[in-house]
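Given next are the chains, with one letter for each unit.
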Amino acid sequence: LDLSAILHLPESSHGATVRRCVTVQEHGLAAALDHELIALAAPALERRERVRVSVAVCNVNRSVGTMLSGEITRRHGAAGLPDGCLTVRCAGSAGQSFGAFAAHGLTLELTGEANDYVGKGLSGGRLIVRAPRGVHYLPQGTAIVGNTVLYGATSGEAYFGGLAGQRFAVRNSGATAVVEGVGDHGCEYMTGGTVVVLGRTGRNFAAGMTGGLAFVLDESAHEEFARRCNTTLVELHAVESADDRALLRRLVEQHAHFTGSARARSLLARWEHAVHDFVAVVPKEQQRLRVARGSASEGQRHG
C-alpha cells in the first residue's frame, strides 16, 4: 500500500513543509456543569465528608458526573469514596451520557429523564432515574432513559423507574440494574452483573450473553418472553433457588425504595405469587457450573 499520497506534505509558498495547529478547537468543557459539581463536592473529595447537592439539568448538560468521577479517581484511586459519601440530586432532562463512568461513592439521582448512553462504563457508582411526582403518565409505560444504557458498565448499580430503549446493558460486565422494560437487544454480549426487567423486552434479548444473570418478568406463563429471547447461548429457567429468590427480591425492594415504583410495590405485595412470573436467563456454561456446584454440595451433605 502506497501511503505517499496520504502522508505527503506539499511545500508552502515559503518552502516550508511543517504541519502545525493553526486553529484552537473549542470543546465547551470550560462551561461543563461538572466544574460546579467538583467545587460543591470539595468536602467529600478532600476529607471524605458526606455531601448532598442539588442542581438543575437540561439536555445540553452532557456526561453529568463524568469529570467529577475522574476527580474522585484521581484523588482516591479505583476504590473511590465510601459508599453514599457523595450524592448529586438532579432535576430536569439530562443530555447524553448522564453518569458515564460514575465512580464508587458517587450517587447520581435524576428526577426527570435522560438521553442515550446513561451509565456508559459505570464504574462503581449508583444511578437512580425516576419520574417527577404528579406526572400524568404511567412511568412503567414510558421511556425514562434512551438507548445503549449501561454500555460497557463494569460495576455499580442503577435503578430506572420507567422504560429504557434499545441495547440496554450491552457488554455489561459487572453492574447491577433494575428497569421496568427494555427495547430490542437487551443484555447483548453481557459477560457479568445482574439485570432485572420488571416488564416486557424487545426482540433478541441476551444475544451473545456469556455471563451474568438476568431476571425478566413475564406474566404470560413465560411464553411471550421465550419468543423474544435469543437462546443460542442462554437457558431459561424458573426462579427456584433460595439464593436467586433472595437476590431478586432484594433488588426489587431497592428499586421500590429508590424510585418509588408502583410496579415494584405491587409485585412485593404479592411476592409469593409474583416470583413465579419471573424467568431467569442464565448462560449455558454458567448453568452447567451451577448444576455441578449444586451436585457437589449435595454430595457433601450426604457424605
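Residues numbered from 1 in each chain as written. Predicted model: local features only at pLDDT ≥ 70, side-chain atom pairs only at ≥ 80, totals over all residues. Heavy atoms only, no water.

Asks: Give a description of the overall build of the protein that names residues and reports values.
Replies: Per the secondary structure count, the protein includes 9 helices and 10 strands. Counting all 303 residues of the protein, 46% fall into the buried class. For the protein, restricting intrachain contacts to residue pairs at least 6 apart in sequence, the fraction spanning at least 24 positions comes to 47%. Only carbon and sulfur atoms are counted for the fraction: they give 51% of the accessible area of the protein, which is about 15,300 Å². (Helix = DSSP H or I, 4+ residues; strand = E, 2+ residues; numbered from the N terminus. Buried < 20%, exposed > 50% of the residue type's maximum accessible area, 1.4 Å probe, protein only. Contact = heavy atoms within 4.5 Å. Areas by Shrake-Rupley, 256 points an atom, 1.4 Å probe, with all protein chains shown as cover.)

Asks: Let's hear about the environment of G65: which residues, and what values?
Replies: By the element assignment, G65 lies in the loop between β1 (51-57) and α4 (66-76). Separated by 32 residues in the primary sequence, G65 and S97 place their C-alpha atoms 9.2 Å from one another. Beyond its immediate stretch of four places on either side in the chain, G65 contacts D34, L37, L106 and L108.

Asks: Mind laying out unusual backbone geometry, listing which residues take part and the relevant values?
Replies: Unlike most non-glycine residues, S63 shows phi in positive territory, near 55°. The class of S63 is partly exposed, set by a relative accessible area of 28%. A positive phi is found at F101, a non-glycine position, where the angle reads about 60°. Along the chain, the position of F101 falls in the loop between β2 (86-94) and β3 (106-114). Since its relative accessible area comes to 44%, F101 is described here as partly exposed.

Asks: Break down the packing of aromatic side chains for me, with residues and values.
Replies: In the structure shown here, the tally under the stated rule is 4 aromatic pairs. Measuring from ring centre to ring centre gives 6.0 Å for F160 and F168, while their planes differ by 85°; the resulting arrangement is edge-to-face. One residue, K120, lies across the ring of Y117, its end atom 5.4 Å from the ring centre. (Phe/Tyr/Trp six-rings, centres within 6.5 Å; stacked < 30°, edge-to-face > 60°. Lys NZ or Arg CZ within 6 Å of the ring centre and 35° of its normal.)

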